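Chain by chain, the residues:
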Amino acid sequence: MNNLFTTRLLAGAVLLLVTTQCATTVEKDSPGSRRAVASTPAAMPASPTPAPVGTATPTATTPVPPSPVSTVPAVVEPAARKSNADYKAEIRAADAMLQAAPRNVNALLVRAKAKSHLKDYKEAIVDYNTLLRIKPTNAEAYYNRGLTRLKLKEYPPAISDFSKSLKYNPTDKEAFFGRGAAKMQMFNFSSAIPDFTKAIVIDSVYADAFEYRGICYSSINKPKLARPDLEKAARLNPEAAKSLRRYAGDK
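Here we summarise the structure given alongside this text. Small disclaimer: the values here were computed from a predicted structure and weren't measured.

What counts, and where the lines are drawn
- Residues numbered from 1 in each chain as written.
- Predicted model: local features only at pLDDT ≥ 70, side-chain atom pairs only at ≥ 80, totals over all residues.
- Heavy atoms only, no water.
- Helix = DSSP H or I, 4+ residues; strand = E, 2+ residues; numbered from the N terminus.
- Buried < 20%, exposed > 50% of the residue type's maximum accessible area, 1.4 Å probe, protein only.
- Contact = heavy atoms within 4.5 Å.
- Areas by Shrake-Rupley, 256 points an atom, 1.4 Å probe, with all protein chains shown as cover.
- Salt bridge = Lys/Arg side-chain N within 4 Å of Asp/Glu carboxyl O.
- Axes fitted to C-alpha atoms, helices over the stretch in contact; angles between N-to-C directions.
- Parallel < 35°, antiparallel > 145°, perpendicular 65-115°, else oblique.
- Left-handed = near helix turned anticlockwise from the far one by under 90°.
- Nonpolar A, V, L, I, M, F, W, Y, C, P; charged D, E, K, R; others polar.
- Polar contact = N/O pair within 3.5 Å; in protein donor to acceptor, adjacent residues only side chain to side chain.
- Phe/Tyr/Trp six-rings, centres within 6.5 Å; stacked < 30°, edge-to-face > 60°.
- Lys NZ or Arg CZ within 6 Å of the ring centre and 35° of its normal.
- Core = buried A, V, L, I, M, F, W, Y, C linked by side-chain atoms within 4.5 Å.

**Notes on the overall build of the chain**
The helix and strand tally for the chain stands at eleven helices and zero strands. Overall, the chain shows an N-to-C arrangement of helices and strands of α-α-α-α-α-α-α-α-α-α-α. Burial analysis of the chain (251 residues in total) assigns 51% to the buried set. When contacts within the chain are restricted to residue pairs at least 6 apart in sequence, long-range pairs at least 24 apart make up 58% of them. Roughly 11,400 Å² of accessible area belongs to the chain as shown, and the carbon and sulfur atoms make up 57% of that amount.

Following this line, the structure appears as structure tokens:
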């Protein structure tokens, strides 16, 4: 029962890793960079902290309630970001470019990212779709459409987009991470683990990948595998200490 509550809370909170969209192709969007949240789970009432994963379930007749969402690692807005006014200006500039050249892939990508940043997700998807009809091998468009679909909670299509992105850019650690995050939203913790592992192979100090692989191990009741990942994540990023305490039972 305790593990079930834990996994349901976790899946509702994985979207904390989804980024807001950057507006240029130079700035790489990253679901693992602890940027601003796209959506947050509903607030949970305060309740006793459940026993750590891997420990004996209490024998009391009353089920153990879930812990507050506040125990999930927070996402921090980066210091340097564009304002909404900046993104609106980029949309206007892209509109002007597209009036002159409707098949301008770069303008479509800029406009789609800006729209997604402004939470106009449906219109962003329209631009990504148009772009990919023009250039169906554009890995960045697939990746960013995957991020947008994550924000729309369209998890299977997001997984498909991250997979297509990896087809054309097989060393993109962020696409592996995004695909893993989408799988976690669907409670597919075992399936998410290889994606986080591949991200770690590409970047051996990818703190968020260690953290979320550790959470996956904990969620499938493999504490001996969870702890090393969570400890590594906490060494790389002090914010991950919250997950170490929550999922490895540290006090």
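From this point on, the discussion continues.
**Regarding the pattern of salt bridges**
Within the structure shown, the criterion is met by 15 salt bridges. Here E140 ties to K113 by a salt bridge, and the two come within 2.5 Å at their closest N and O atoms. Pair noted here: E140 is in helix α5 (residues 139-151) and K113 is in helix α3 (residues 105-117), with a separation of 27 residues, a long-range link. Of the two residues, E140 and K113, neither departs from the other in class, the shared state being buried. In this structure, the salt-bridge partner of D195 is R179, at a minimum N-O distance of 2.7 Å. Residue D195 is found in helix α8 (residues 189-202), and its partner R179 is found in helix α7 (residues 173-185); the two are separated by 16 residues along the sequence. The exposure class of D195 is buried, given its relative accessible area of 1%. Look at the salt bridges and you will find they share partners, linking K122, R145, R149, E154 and D161 into a network.

**Here we look at the packing of α8 against helix α9 (residues 207-219)**
Helix-helix packing is characterised by the crossing angle of the two axes and by the distance between the axes. With their axes 9 Å apart at the nearest point, α8 and α9 run at an angle of 155° to one another. Between α8 and α9, the angle falls in the class roughly antiparallel. When the axes of α8 and α9 are compared, the crossing they make is left-handed. Residue-level contacts link F189, A192, I193, F196, T197, A199 and I200 of α8 to A209, F210, Y212, R213, C216, Y217 and S219 of α9.

**Some thoughts on the packing of helix α4 (residues 121-134) against α5**
Contact pair α4 / α5: the axes reach a minimum separation of 10 Å and the direction vectors enclose 155°. Comparing the axis directions of α4 and α5 gives the class roughly antiparallel. Viewed along their axes, α4 and α5 form a crossing whose handedness is left-handed. On α5, the residues touching Y121, A124, I125, Y128, N129, L131 and L132 of α4 are A141, Y142, N144, R145, T148, R149 and K151. Considered class by class, the residues forming the contact of α4 with α5 number eight nonpolar, three polar and three charged.

**Here we look at the environment of D195**
For the pair D195 and K183, spaced twelve residues apart in sequence, the C-alpha to C-alpha distance is 9.4 Å. Other than its neighbours up to four places away in sequence, D195 contacts F176, R179, G180 and K183. Separated by 2.7 Å, the side chains of D195 and R179 make a polar contact.

**Digging into the packing of aromatic side chains**
The full count for this structure, using the stated rule, is five aromatic pairs. On the basis of an interplanar angle of 70° and a centroid distance of 6.2 Å, the ring pair of F177 and Y212 is categorised as edge-to-face. Of this pair, F177 sits in helix α7 while Y212 sits in helix α9, and the two are 35 residues apart along the sequence. Classification of F177 as buried rests on a relative accessible area of 0%. Judged by relative accessible area, which is 1%, Y212 ranks as buried. In this arrangement the basic side chain of R246 is found over the ring face of Y247, its NZ or CZ atom lying 5.1 Å from the centre.

**Quick word on the nonpolar core**
Of all hydrophobic cores here, the largest spans 34 residues; its most connected members are M184, F196, C216 and L230. Sorting the residues of this core by element identifies α5, α6 (155-168), α7, α8, α9, α10 (223-236) and α11 (241-248) as the ones contributing at least two each. When sequence neighbours within four positions are dropped, the list of residues in contact with L230 reads F210, E211, G214, I215, S243, L244, Y247 and A248. With 13 residues, the next largest nonpolar core counts L109, A124, Y128 and L132 among its residues.

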